[in-house]
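What follows is each chain in one-letter form.
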Amino acid sequence: MESKVIKIIHVTGTYIIEAPHGKLNELKSQLDKCLNDEQGAIVVKGEDGDQFVYPSDLLKNSFITIVDKE
């Protein structure tokens, strides 16, 4: 099974959220909640403990795609 990533294209840049195996549906659900004003942001923890925050305002003003990991 191919790994998927969520690609967010915004005027400030392109952001990639890697979907760990089995977590894609959870990330899609969080995206829907952000786009519907039910959640303020998506918070993703990196492998080295870094934390990345994607605010709902950024997501609402972006082009979002789910693509195969390159």
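See the structure above.
Residues numbered from 1 in each chain as written. Predicted model: local features only at pLDDT ≥ 70, side-chain atom pairs only at ≥ 80, totals over all residues. Heavy atoms only, no water.

Details of the nonpolar core
Most often, soluble globular proteins keep nonpolar side chains buried together rather than apart. If you look at the biggest cluster of nonpolar residues, it comprises 13 residues, and the most contacted ones within it are Ile 6, Ile 8, Ile 17, Leu 27, Ile 42, Tyr 54 and Leu 59. Breaking this core down by element, the ones donating at least two residues are β1 (4–10), β2 (13–19), α1 (24–35), β3 (41–45) and α2 (56–60). If one sorts the elements of this core by residue count, α1 sits on top with four residues. The contacts of Tyr 54, once residues within four sequence positions are left out, are Ile 8, Tyr 15, Ile 16, Ile 17, Ala 41, Ile 42, Val 44 and Leu 59. (Core = buried A, V, L, I, M, F, W, Y, C linked by side-chain atoms within 4.5 Å. Buried < 20%, exposed > 50% of the residue type's maximum accessible area, 1.4 Å probe, protein only. Helix = DSSP H or I, 4+ residues; strand = E, 2+ residues; numbered from the N terminus. Contact = heavy atoms within 4.5 Å.)

Some thoughts on the packing of aromatic side chains
Applying the stated criterion to the full structure yields one aromatic pair. Summarising the aromatic geometry, the rings of Tyr 15 and Tyr 54 are spaced 6.3 Å apart at their centres and angled 70° between planes, so their arrangement reads as edge-to-face. Of this pair, Tyr 15 sits in strand β2 while Tyr 54 sits in strand β4 (residues 51–55), and the two are 39 residues apart along the sequence. Looking at Tyr 15, the relative accessible area reads 27%, which means it is partly exposed. The exposure class of Tyr 54 is buried, given its relative accessible area of 9%. (Phe/Tyr/Trp six-rings, centres within 6.5 Å; stacked < 30°, edge-to-face > 60°.)

A few points about the sheet that holds β2
Spatially, the three strands line up as an open sheet ordered β2-β1-β5, and their pairing is antiparallel. Because the sheet does not close on itself, it has two edges, and the strands there are β2 and β5 (63–68). On average, each strand axis in the sheet is inclined to that of its neighbour by 25°, with strand direction left out of account. When β1 meets β5, the two strands line up antiparallel, connected through six bridges. Each bridged residue has a counterpart across the sheet, and for Val 5 the counterpart in β5 is Val 67. (Pairing = 2+ DSSP bridges. Axes fitted to C-alpha atoms, helices over the stretch in contact; angles between N-to-C directions.)

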